[in-house]
Amino acid sequence: MIKKRMISAIKPSGHLTLGNYIGALANFVKYQDDFEMIVFIANLHTITVPQEPDELRSNLEEAAILYLAAGLDPAKATIFLQSDVHEHAQLGHILQCFTYLGELNRMTQYKDKVAKGETNLGVGLYTYPTLMAADILLYDAQFVPVGIDQKQHVELTRDLAERINNRFDKELFVIPEPLLEEVGTKIYDLQDPSKKMSKSDVSDKGCIYLMDDPKKARKKIMSAITDSYDTIQYDPEKQPGISNLLVIAASLKKVSVDTILMETQGMRYGDFKKYVASIVEETLTDIQSRYQDIKAQNVLNEVLSEGALKARSIASKKLKEVQSTIGIEL
Ligand code: AQP
């Protein structure tokens, strides 16, 4: 049976968070058996905001090892570093030429930063959705598992693919579909549950990093903001903090929120937090123990170079087809 192809990535612009794990990594692992899974480390996307080279290098290495520690298996999934496959940047440029300024003006990451009054934004931040479209279209991926905040980019990718297919009157690109999970598509900051848990957050109290000391992560859960209702219910509007903790527990235990509600029925908030904290602590302890094993095995370079070789064999054919279709090749 031919497996459908799926592609996704994480941008290690900082240390990976529990949000990245629940919204992305854990799903990559889940899908690697049933799909032809292509996952890369989006290093070209990291430099859309300023980075310190040594810190960036260390974040890239950490992320790559975390891919494996989370359970991605190089025998099943193609794992590589984005910049090792030059076709991403080349197709990215071509797609920019087919994208309207108005479309990029509507993209939230850029719009949010402008709304916050941030200045000196690089052009790369403005155009990165076209690079992301290239990341997907290069591989004829049918599905893209994403958190809710990335859905808009897959929609732009679909529009671009349809536009170019129509313009050249051929099925040049496969139209990809975003794949959203039922729970965990957005994990919120523990101190401000109206905000996404983000790796670039300045305060680290609201954010759990996968490489946090598990005891420290436990403390972060114990000091998560809740409310004064004193009853455990899933109600993101009225009880965003408690609802966030319910989703974290459900996602990590791979059960429904209803199951967690049943298990925690009648608990006071303090006990409920201890319950969630233990799940988080255990998850981090497991991941970090595999992380140390993988690091000691020293296999990363081999995994990434084999992954890049496999990815390039698909990407180079697609790029050639695109270049020939639009007429830039002799
Ligand atoms: N808090 C989250 N909840 C659920 N999913 C999340 N993702 C990220 N944060 C959460 C999902 O992880 C995948 C990779 O995301 P990314 O790191 O490439 O970019 P991002 O969404 O911009 O992540 P951050 O942490 O917020 O990064 P910064 O702070 O650097 O902008 C995506 O599928 C994303 O949805």
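Just so it is clear, the model here is predicted, and its values are computed rather than measured.

Novice: When you look at the site of the ligand in this model, what are you seeing that I'm missing?
Specialist: Close to the ligand lie 22 residues, the nearest being Ser-13, Lys-196, Ser-198, Lys-199 and Ser-200. Taking Ser-13, its side chain carries an N or O atom lying 2.7 Å from an oxygen atom of the ligand. With respect to the ligand, the side chain of Asp-149 contributes an N or O atom lying 2.9 Å from an oxygen atom. Considering the ligand on its own, with 650 Å² of exposed area, one finds that the protein chains cover 94% of that surface. For the shell around the ligand, the elements supplying multiple residues, two or more each, are β1 (5-10) and α1 (18-31).

Novice: I tried to follow the packing of helix α9 (residues 214-222) against helix α12 (residues 269-297) on my own but got confused; where do I start?
Specialist: The geometry of a pair of packed helices is captured by two quantities: the angle between their axes and the separation between those axes. Where α9 contacts α12, the two axes come as close as 8 Å, and the packing angle between them is 155 degrees. Of the possible angle classes, the one that applies to α9 and α12 is roughly antiparallel. Crossing angle aside, the handedness with which α9 passes α12 is right-handed. Facing α9, whose interface residues are Pro-214, Lys-215, Ala-217, Arg-218, Ile-221 and Met-222, α12 presents Gly-270, Lys-273, Lys-274, Val-276, Ala-277, Ser-278, Val-280, Glu-281, Leu-284, Thr-285 and Gln-288. Each residue belonging to the contact of α9 with α12 can be placed in one class, and the counts come to eight nonpolar, four polar and five charged.

Novice: Explain the nonpolar core to me, please; I cannot follow it from the model alone.
Specialist: In summary, soluble globular proteins display a tendency toward joint burial of nonpolar side chains. Ranked by size, the top nonpolar core spans 64 residues in total, and within it Leu-18, Leu-25, Ile-79, Leu-210, Ile-248, Val-276 and Val-280 carry the most contacts. If one sorts the elements of this core by residue count, α12 sits on top with 11 residues. Both domains that meet at this core, namely domain 1 (5-180 + 298-326) and domain 2 (214-293), each give it at least three residues. Listed in part, the 36 residues of the second largest apolar core include Leu-95, Leu-138, Leu-156 and Ala-315.

Novice: Would you mind going over the packing of aromatic side chains with me for this structure?
Specialist: In this description, an aromatic ring pair is defined by two values, namely the gap between the centres and the angle between the planes. Counting across every chain of the model gives seven aromatic pairs. Geometrically, the ring pair formed by Phe-80 and Tyr-139 is tilted, given 6.2 Å between the ring centres and 50 degrees between the ring planes. With a gap of 59 residues between them, Phe-80 in strand β3 (residues 78-81) and Tyr-139 in the loop between α7 (123-137) and β4 (143-145) connect regions that are remote in the sequence. Residues Phe-80 and Tyr-139 agree in their burial class; the two are buried. A ring pair is formed by Tyr-110 and Tyr-126, whose centres lie 4.6 Å apart and whose planes are at 65 degrees; its orientation type is edge-to-face. Here Tyr-126 lies in helix α7 and Tyr-110 lies in helix α6 (residues 108-115), a separation of 16 residues in the sequence. By relative accessible area, Tyr-126 is classed as buried at 14%. Grouped by ring-pair contacts, the aromatic residues Tyr-31, Phe-35 and Phe-143 constitute a single cluster.

Novice: Before we go on, may I ask you to explain the domain arrangement of the chain in this structure?
Specialist: When the parts come together, some accessible area is lost, and that loss is often what is quoted as the size of the interface. Partitioning the chain into structural domains gives domain 1 (5-180 + 298-326) and domain 2 (214-293). Using only C-alpha atoms to locate each centre, domain 1 and domain 2 end up separated by 30 Å. Every contact between the two is made by eight residues of domain 1 and, on the other side, nine residues of domain 2. Both sides together, the interface formed by domain 1 and domain 2 hides about 810 Å², and carbon and sulfur atoms give 78% of it. Contact with domain 2 buries area across many residues of domain 1, yet Leu-18, Ile-22 and Ala-69 alone supply 54% of it, more than any other trio. Our count for the contact surface shared by domain 1 and domain 2 stands at zero salt bridges. Where domain 1 touches domain 2, the interface holds one residue pair in polar contact (both at pLDDT 80 or more). Going through the elements one at a time, α1 and α3 (53-69) are the ones with two or more residues in the side of domain 1 that touches domain 2. Of the residues forming the side of domain 1 that touches domain 2, the biggest block, four residues, is contributed by α3. Its residues placed into classes, the side of domain 1 that touches domain 2 shows seven nonpolar, no polar and one charged.

Novice: Help me understand the environment of Ser-203, please; the structure alone is not making it clear to me.
Specialist: Structurally, the position occupied by Ser-203 is in the loop between β5 (177-179) and α9. C-alpha separation for the pair Ser-203 and Leu-138, spaced 65 residues apart in sequence, amounts to 37 Å.

Novice: Quick question: what am I supposed to make of the packing of α3 against helix α13 (residues 300-326) here?
Specialist: The N-to-C vectors of α3 and α13 enclose an angle of 85 degrees; their axes lie 11 Å apart at closest approach. The orientation of α3 relative to α13 falls into the category roughly perpendicular. Residues Glu-61, Ala-64, Ile-65 and Leu-68 of α3 touch α13, and the partners they reach there are Leu-300, Val-303 and Leu-304. Split by residue class, the contact of α3 with α13 holds six nonpolar, no polar and one charged.

What counts, and at which threshold
Residues numbered from 1 in each chain as written. Predicted model: local features only at pLDDT ≥ 70, side-chain atom pairs only at ≥ 80, totals over all residues. Heavy atoms only, no water. Near = heavy atom within 4 Å. Polar contact = N/O pair within 3.5 Å; in protein donor to acceptor, adjacent residues only side chain to side chain. Areas by Shrake-Rupley, 256 points an atom, 1.4 Å probe, with all protein chains shown as cover. Helix = DSSP H or I, 4+ residues; strand = E, 2+ residues; numbered from the N terminus. Axes fitted to C-alpha atoms, helices over the stretch in contact; angles between N-to-C directions. Parallel < 35°, antiparallel > 145°, perpendicular 65-115°, else oblique. Left-handed = near helix turned anticlockwise from the far one by under 90°. Contact = heavy atoms within 4.5 Å. Nonpolar A, V, L, I, M, F, W, Y, C, P; charged D, E, K, R; others polar. Core = buried A, V, L, I, M, F, W, Y, C linked by side-chain atoms within 4.5 Å. Buried < 20%, exposed > 50% of the residue type's maximum accessible area, 1.4 Å probe, protein only. Domains from an automatic or database assignment. Phe/Tyr/Trp six-rings, centres within 6.5 Å; stacked < 30°, edge-to-face > 60°. Buried area = accessible area lost by both parts, 1.4 Å probe. Salt bridge = Lys/Arg side-chain N within 4 Å of Asp/Glu carboxyl O.

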